[in-house]
Structures are given as C-alpha cells and as structure tokens.
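This is what each chain is made of:
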Amino acid sequence: MRAIALAGLLAIPSVLVAQQSGDLSTPLAKSKQYVSYEAEEQAVKAGKRSVVEMRFRVMDGYHVNSHTPKSELLIPTALKLDTADGVKAEAVQYPAGTQYSFSFEPGEKLDVYTGVFTVKVPVTVVAGAHTLIGALRYQACDNAACYPPKTLPVQLVLKAK
Amino acid sequence: MRKAVVLLVMVVGVTLMLWAGWHNLRERKLAMQRANEARATLIPDKGGDAAQGPELEGPKLTGKVAPAFVLTNLEGKKVSLGDYKGRPVLVNFWATWCAPCKLEMPWFEEFRKQYASQGFEILGITDDADAGKDVISKAAQKAGVSYPILLTDGKIEKAYGATDYLPMSFYVDRNGVVVEETAGLGTKDEIEANIKKAIASGNKTVSAGGE
C-alpha cells in the first residue's frame, strides 16, 4: 500500500507532457498525461484510400483500458478526429488489448494497452497538406490505483501527392 | 492364487490412482503456465515511473481533524461526517471506473460487519463527476456494499487531497481525528490493521451517533 506519508518522500512522478516533434508546431498539453503521442507527417497517395497509423505510448508502469474493456463501467480508450476539408476519414481501427488481472483478484479480468499501441485510420485525401485535429480519451491506472480520465490532444498530419 | 489376484488388482488400482493424480497435477501446472504466458507483465512492483508513487496533491491529514462535510447519499438524504461523531469511520474515495477501488469494497463491507459492534462505519464517497446516480448505484451493488455511498459535491476531494489518485482512504477515530491515510489498493490485512487502529484510538466514552 502506498501510505501517503511514505509517498510524500518519493520523487514526483511523471508530470508527463504530450510530445509533439519535428517542425510540427503543436502546442504542448499542459496537464499531466500518462500517454504520449508523437506526431509525424504521413505521406499518402492523393485520391487513394490509405490506412495511416497513429502510435501512442503508455508510460512505463501504467496501463490504460483498451477500446473494448471488459466492463461497461470502465472507460474505453477512444480517438476522436475532427473533420477537415479534403480528408475523408473512416472509422478508427483499434488494436486488441492484453488481458490483465490484479494479483489481489486474479478472477477479475481487464483488457488493457501497455507500452506502444497503434491506432489505424483509413483516409482518402486530396492532394496537398492536411492536418486533422483530435483527441485521445483514456483512463490510466498503475498496479494499485487509477487516475481520472484524461484527454490527450493530437494532430494527424497528412501530405498527399 | 486368489490372494495373488486380489493383490495384483490392488497394485494396479493404486498405480492408476497415482498416475491419474500426477497427470492431473501436470495438466493444472501446464494450464497455469499457459495462463501466465497469456497475461502481460504489466507493472513491476518496484522500478519504473509508477514506482515513484503518485504525485499527491492537497493536505496530509494524519493527526488532524477530518474535514467536515455534508453530502447527499444515493437515496437523496443529507449525510454529515458529524453524524458519526463518537464512532470510528473509514472515509473512502472511489469511482465507478476505478477497478482497484471495486476490489477493496467487498473487503470493507466484510470488515464493517465484523467491527459493527465497536461502532465502526464506512462512508464511500464517489469521485465520479460524470456518472449518474443509477450507474453509481449499480457499481456499488455489484461490489456488494451496503454502507452509505455519498455523492461528491466537487469540493470534498480538494479538502481531503483526493483529487488525482484513487482509491484513497482516511481512517478517522472516535474523536474525528485522521489516524491513517492511504492512497492506492492495499492488502486486506493492511486495511484491517488500519481499521483496528481507528477503533483503538480516541476517546471511547464519547457516545455513538449516526445512522
């Protein structure tokens, strides 16, 4: 158990900020995050259906519910992308989760993402550069406790030739 | 001759039983191994970011008087911490989306019955901002709890420093003083030890109140 008195002596954990890299001038998320996303420009063929991948990383020591958690009370990981002119995005495809149970209660199964998980988005894009703004909603836990649901702002940057 | 046949049957019978037992044990071990391989090794007990512990914001309450509150229960009645003056109380923050919270709630219920004669009570404060009363009620029912479930007023978490990490528990003695506070799921033994600590602490001559 994490007694607060002891926890106070421990180092401040990851006040994790979503990392957006390269020349992409995405504003940094200021709230504590347990999932990060690195935006990369993705090249697709103009006018052709392509499936682009968005890679998310769950911080070490944490897990988030998969898109299809075992209980209706648990909050699923879900990506929402806004519409953008010249981009037709289809339904987001989520990876399967990994089964997990707490050592205290092996009978209670959870379905989670850990480490890197990739979400696929089928798109058809007209020629040019496009940016889809969106957000990943998730709810993280560690091995003993859970954190309130979070929203991670994301950008999907597409260049169609 | 007849004795030899009986003996042979017995030997064969015992051998078959031993073999069946060994085979069963082997199958169980293999099944356990397969189950463990299918399960992710998610969280090391030590090491990694999570092992550094949560960033706990807000006041540390151990040794201080528990912040007073008046909240509404699932039946719509106002419930105050003051109603329980003179009784040891466990104030537990939980949420419907918090799996570890729901693991310990049946333990709480068990201890509530076990220590009821000593005036022990539990107040479960749900930290769900979005969940409706029905969803909260359903989750509490599923966890098998019958102790009062109170709805947050949006301020109580700040008063107790329970804003960003669940479950959190505050063990309050008969005098209304917090004798122990914990963040995260503990073992059943640790929870019972904290309950005993709350029961043992404080002035026992104060009359019992509450529901």
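On a predicted model such as this, the values are computed, not experimentally measured, just so you know.

Trainee: Got a minute to help me understand the environment of Phe93(B) in this structure?
Mentor: Residues and elements named next belong to chain B. Among the structural elements, Phe93 can be located in strand 3 (residues 89-94). Judged by relative accessible area, which is 0%, Phe93 ranks as buried. For Phe93 and Gly184, which are 91 residues apart along the polypeptide, the C-alpha to C-alpha distance reads 10 Å. Contacts of Phe93, omitting those with residues within four sequence positions, involve Cys101, Ile125, Ile156, Glu157, Tyr160, Ala162, Leu166, Pro167, Met168 and Phe170.

Trainee: I tried to follow the sheet that holds strand 13 (residues 150-160) of chain A on my own but got confused; where do I start?
Mentor: Each strand in a sheet pairs with its neighbour through backbone hydrogen bonds, running either in the same direction (parallel) or in the opposite one (antiparallel). Residue and element names in this part refer to chain A. Within the open sheet, the 4 strands sit side by side as 3-13-11-6. Their pairing is mixed. The open sheet has two free edges, formed respectively by strand 3 (42-44) and strand 6 (78-81), since each of these has just one partner strand. Strand-to-strand, the axes of this sheet are offset by a mean angle of 35 degrees, without reference to chain direction. Pairing geometry for strand 3 and strand 13, over 3 bridges, is parallel. Of the residues in strand 13, the one forming a bridge with Val44 is Ala160.

Trainee: When you look at a nonpolar patch on the surface in this model, what are you seeing that I'm missing?
Mentor: All names here are of chain B. Taken together, Leu8, Val12 and Leu16 make up a surface patch of nonpolar side chains, about 300 Å² in accessible area. Secondary-structure assignment places Leu16 in helix 1 (residues 2-38). With relative accessibility at 54%, the residue Leu16 sits in the exposed group.

Trainee: Would you explain the sheet that holds strand 10 (residues 116-125) of chain A in this entry?
Mentor: All names here are of chain A. Ordered in space as 2-4-10-7, the 4 strands form an open sheet in which the pairing is antiparallel. The strands lining the two open edges of the sheet, one partner per strand, are strand 2 (35-37) and strand 7 (87-89). Neighbour-to-neighbour, the strand axes of the sheet open up by a mean angle of 40 degrees, direction not taken into account. One ladder, built from 9 bridges, connects strand 4 (residues 49-58) with strand 10; its direction is antiparallel. Directly across from Val51, in strand 10, lies its bridge partner Pro122.

Trainee: I'm lost on the nonpolar core in this one. Help?
Mentor: Side chains of a nonpolar character, in soluble globular proteins, are inclined to be buried together. Phe56(A), Phe69(B), Val91(B), Phe93(B) and Tyr160(B) are the most contacted members of the largest nonpolar core, which has 96 residues in total. If near-sequence neighbours (up to four positions away) are discounted, Phe69(B) is found in contact with Val79(B), Ser80(B), Leu81(B), Val91(B), Leu123(B), Ile125(B), Leu150(B), Ile156(B) and Tyr160(B).

Trainee: I would appreciate a short explanation of the confidence of the model for chain A in the present structure.
Mentor: Detailed reading of predicted coordinates is not advised where the pLDDT is low. All names here are of chain A. For chain A, the mean per-residue pLDDT works out to 83, and 80% of the residues sit at or above 70. For chain A, per-element mean pLDDT is lowest for helix 1 (residues 4-7), which scores 38, and highest for strand 6, which scores 98. Low pLDDT (under 50) marks residues 1-30, which in the prediction has 71 contacts with non-local residues, meaning those over four places away or in another chain.

Conventions we followed
Residues numbered from 1 in each chain as written. Chains lettered and ligands numbered in written order. Predicted model: local features only at pLDDT ≥ 70, side-chain atom pairs only at ≥ 80, totals over all residues. Heavy atoms only, no water. Helix = DSSP H or I, 4+ residues; strand = E, 2+ residues; numbered from the N terminus. Buried < 20%, exposed > 50% of the residue type's maximum accessible area, 1.4 Å probe, protein only. Contact = heavy atoms within 4.5 Å. Pairing = 2+ DSSP bridges. Axes fitted to C-alpha atoms, helices over the stretch in contact; angles between N-to-C directions. Patch = residues over 30% accessible without salt bridge, like charges linked within 9 Å, V, L, I, M, F, W, Y side chains within 5 Å. Areas by Shrake-Rupley, 256 points an atom, 1.4 Å probe, with all protein chains shown as cover. Salt bridge = Lys/Arg side-chain N within 4 Å of Asp/Glu carboxyl O. Core = buried A, V, L, I, M, F, W, Y, C linked by side-chain atoms within 4.5 Å. pLDDT = per-residue confidence, 0-100.

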